[in-house]
Amino acid sequence: MIKIRQDISIGSNLRALRKKSGLTQKLVATKMQLLGCDINRSVYSRYEIGGLNIRVSDLIALRKIFDCRYDDFFDGLN
C-alpha cells in the first residue's frame, strides 16, 4: 500500500464543525462506528490535527453527523 502525503488539511474545519455540533471526538467516532466506519477516537483526532488522510467513506459519515454540506469541509482552503 502506498501512502499519499497530505498536502492540505481539513482538520481545522472538522474541529469547527464538531464543536458547532456540540460533540466530543469520542462521540463523533462512536456515531461514525454506528454508520459503519472502522474508526476510533484516536484516528478521528488525527484527522483533526492533519496527521492522517481522511477516507471518502468517513467524509460521507461526517456530513451526516454534522448535518453539513461537503463544501463546509473545504471552506477557506485554496
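Here the structure is a predicted model, which means the values were calculated and not measured.

Conventions adopted
Residues numbered from 1 in each chain as written. Predicted model: local features only at pLDDT ≥ 70, side-chain atom pairs only at ≥ 80, totals over all residues. Heavy atoms only, no water. Salt bridge = Lys/Arg side-chain N within 4 Å of Asp/Glu carboxyl O. Helix = DSSP H or I, 4+ residues; strand = E, 2+ residues; numbered from the N terminus. Buried < 20%, exposed > 50% of the residue type's maximum accessible area, 1.4 Å probe, protein only.

Student: Residues and numbers for the pattern of salt bridges, please.
Tutor: Side-chain pairs of opposite charge can arise whenever the charged atoms involved come near each other. Throughout the structure, instances matching the rule amount to five salt bridges. The shortest N-O distance in the salt bridge between E48 and R15 comes to 3.6 Å. Within this pair, whereas E48 is found in helix α3 (residues 41-49), its partner R15 is found in helix α1 (residues 11-20), the two being separated by 33 residues in sequence. We classify E48 as buried; its relative accessible area is 3%. Overall, the relative accessible area of 29% leaves R15 in the partly exposed class. Linking E48 and R18 is a salt bridge whose minimum nitrogen-to-oxygen distance equals 2.5 Å. Of this pair, E48 sits in helix α3 while R18 sits in helix α1, and the two are 30 residues apart along the sequence. Overall, the relative accessible area of 10% leaves R18 in the buried class. One connected set of salt bridges, linked through shared partners, spans R15, R18 and E48.

So, to be careful, I would describe these as geometric facts and stop short of saying anything about function.
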